[in-house]
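What follows is each chain in one-letter form.
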Amino acid sequence: MRIFMPIVFVILFILYVLYLAIIKKELKQNLSKVVYPGLFFIVVWALLYFVFL
């Protein structure tokens, strides 16, 4: 189950970004607050995940 949790969280993040972009149309306003930190977190998590597993 631990292997699938990061994948689920990445999918949830992508869905949230799509929600901001398509439904609320506020993606450009939230780039520095939501998208960039989220992408940074995903990249760091993926690097740690692949290095240690």
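Anything mentioned here points back to the structure above.
Only a predicted model underlies this, so the values are computations on that prediction, with no experimental measurement involved.

Moving on to helix α1 (residues 4-23). Here α1 is 20 residues long and its end C-alpha atoms lie 28 Å apart, about the 28 Å a rise of 1.5 Å per residue gives. The secondary structure elements touched by the buried residues of α1 are α2 (31-52). K25 occupies a position one or two residues after α1 and carries a positive phi of about 55°.

This part is about the pattern of salt bridges. One pass over the full model with this rule turns up 1 salt bridge. Salt-bridge contacts for K24 lead to E26; the nearest nitrogen and oxygen are separated by 3.9 Å.

Quick look at the packing of α1 against α2 now. Close contact between α1 and α2 brings their axes to 11 Å; oriented N to C, the two are set at 165°. With respect to each other, α1 and α2 are oriented roughly antiparallel. Judged by the twist between their axes, the crossing of α1 over α2 is left-handed. Residue-level inspection shows P6, V10, F13, Y16, V17 and L20 of α1 in contact with α2, the latter providing V34, V35, G38, L39, I42, W45 and Y49. Tallied by class, residues from the contact of α1 with α2 come to 12 nonpolar, 1 polar and no charged.

About the cut-offs
Residues numbered from 1 in each chain as written. Predicted model: local features only at pLDDT ≥ 70, side-chain atom pairs only at ≥ 80, totals over all residues. Heavy atoms only, no water. Helix = DSSP H or I, 4+ residues; strand = E, 2+ residues; numbered from the N terminus. Expected span 1.5 Å × (residues − 1). Contact = heavy atoms within 4.5 Å. Salt bridge = Lys/Arg side-chain N within 4 Å of Asp/Glu carboxyl O. Axes fitted to C-alpha atoms, helices over the stretch in contact; angles between N-to-C directions. Parallel < 35°, antiparallel > 145°, perpendicular 65-115°, else oblique. Left-handed = near helix turned anticlockwise from the far one by under 90°. Nonpolar A, V, L, I, M, F, W, Y, C, P; charged D, E, K, R; others polar.

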